[in-house]
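Analysis of the macromolecular model
In case you want the letters, here they are:
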Amino acid sequence: MKSQPVISVIVAVHNRVEVIQRCISSVLLQAYPYVELIVIDGGSTDGTVSILNANNERIHYWESQTDRGIYHAFNKGMQQATGDWLYFLGSDDYFHDPSSLLKVASYLSNIDARMYKVVYGKVSLVSALGNCVDEINKPWKVVKKKFLQGCYICHQGVFQHRSLFESHGKFDESFKISGVYDLLLRELKYKDAFFMDDVSVASMQMGGLSSNPEYSLKIMREYSKARKKNNIHSFAPLLYWGYIKTLIRIIINRFLGENITLLTTDFFRKITGRKLLWKQVKIDSE
């Protein structure tokens, strides 16, 4: 076995006082000892900075300054990271359980980064009350067939070797939502990712923007932008189908309202053999 890798966990946050301690605690409670936590705050004014101060002794590095958005924050966090592997954790999200990184490290210790610079596991989608409504991320042999058409890997399950950034550079700040897809596409349009099939990495909270079809449309547009930037010109039926579904949701939302939109979305999930998602999210948010 190789030496134990250091994992840098980078959190970008702005005015998330109600959830940032949960996020931080999920890192500090990890059983794996070789972890450094880096928090980049975008100049919060809601009490987030007080929480960062309270955790100062156990955070490897943190700052609170106005930034240009999440990918600028991620890039600043990368500059402070000393780990072998980098992981970006959303401030609304948290590690699945205290043994998550211990399980991940058992894989990373044996990964040849010359072959795999992207390693990922499963992610639980949870409601505001923490109820699991679905589990996502599929094996690479499934994802690979679709990845050139869109980001079919949830980034909350992804670990990037630091050599990936040395090879491909930083996040492109011109992306507002899908900069992760652009970054991963630089590597995965040529190479493979490694899937940890028995590891649940994180829990990602659903609701808010993620339920807004207008937000989904922006994601689709940025997928197209990332494909063009990375010289991917192949036919993309899944991407076009994503546009169509999103436009249908926008029309339903505008004329019939959010509740009908979410019910329609869940109905489509049901007839395609997937778990109902938005009904539980809506109930738990009320």
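Fair warning: this is a prediction, and the values are worked out from it, not measured in the lab. (Residues numbered from 1 in each chain as written. Predicted model: local features only at pLDDT ≥ 70, side-chain atom pairs only at ≥ 80, totals over all residues. Heavy atoms only, no water.)

1. Here's the deal with the nonpolar core
Core analysis: the largest hydrophobic core is formed by 42 residues, its most contacted members being Phe147 and Phe171. What Phe171 contacts, discounting residues up to four positions off in sequence, is Tyr71, Phe74, Asn75, Met78, Phe88, Phe165, Gly179, Val180, Leu183 and Arg186. Counting 31 residues, the second-largest nonpolar core is a separate cluster that includes Val9, Val13, Ile51 and Trp85. (Core = buried A, V, L, I, M, F, W, Y, C linked by side-chain atoms within 4.5 Å. Buried < 20%, exposed > 50% of the residue type's maximum accessible area, 1.4 Å probe, protein only. Contact = heavy atoms within 4.5 Å.)

2. Quick look at the packing of aromatic side chains
The final tally for this structure, using the stated rule, is 18 aromatic pairs. Arranged with centres 5.9 Å apart and planes meeting at 55°, the rings of Tyr107 and Phe194 form a pair that is tilted. Residue Tyr107 is located in helix H4 (residues 100-108), and its partner Phe194 is located in strand E9 (residues 194-205); the two are separated by 87 residues in the primary sequence. Ring geometry for Phe235 and Tyr240: centres 5.6 Å apart, planes at 50°, overall tilted. The class of Phe235 is exposed, set by a relative accessible area of 61%. Aromatic rings pair up to connect Tyr71, Phe74, Phe88, Phe165 and Phe171 into one cluster. A cation over an aromatic ring shows up here: Lys225 above the ring of Phe175, its NZ or CZ 4.4 Å from the ring centre. (Phe/Tyr/Trp six-rings, centres within 6.5 Å; stacked < 30°, edge-to-face > 60°. Helix = DSSP H or I, 4+ residues; strand = E, 2+ residues; numbered from the N terminus. Lys NZ or Arg CZ within 6 Å of the ring centre and 35° of its normal.)

3. A closer look at unusual backbone geometry
Across residues other than glycine, the phi torsion is negative in most instances, and most of the peptide bonds are trans. Phi at Asn137 takes a positive value of approximately 90°, unusual for a residue other than glycine. Tracing the backbone shows Asn137 in the loop between strand E7 (132-136) and helix H5 (140-143). With relative accessibility at 9%, the residue Asn137 sits in the buried group. Although it is not a glycine, Asn231 sits at a positive phi angle of roughly 60°. With respect to the helices and strands, the residue Asn231 is situated in the loop between helix H8 (213-229) and helix H9 (237-256).

4. As for the pattern of salt bridges
Taken as a whole and assessed by the stated rule, the structure comprises 13 salt bridges. For the salt bridge of Arg186 with Asp182, the shortest nitrogen-to-oxygen distance reads 2.7 Å. Placement of both Arg186 and Asp182 in helix H7 (residues 179-188) is noted, with a separation of four residues, approximately one turn of the helix. This pair shows no difference in class: Arg186 is buried, exactly as Asp182 is. Across the salt bridge formed by Arg254 and Glu214, the nearest N and O atoms sit 2.8 Å from each other. (Salt bridge = Lys/Arg side-chain N within 4 Å of Asp/Glu carboxyl O.)

5. Describing the environment of Ser178
Tracing the backbone through its elements, the reader meets Ser178 in the loop between helix H6 (162-168) and H7. You can call Ser178 buried: its relative accessible area is 5%. With near-sequence residues (within four places) excluded, Ser178 lies in contact with Tyr71, Ile219, Glu222 and Tyr223.

6. Section: the environment of Leu52
By secondary structure assignment, the location of Leu52 is in helix H2 (residues 48-54). Accessibility expressed as a relative area gives 0% for Leu52, which makes it buried. Between the C-alpha atom of Leu52 and that of Trp62, which follows or precedes it by ten residues, the distance is 7.6 Å. Each residue touching Leu52, except ones within four places of it in the same chain, is listed here: Ile24, Val39, Asp41, Ile59 and Trp62.

Don't take any of this as a statement about function, it's just geometry.
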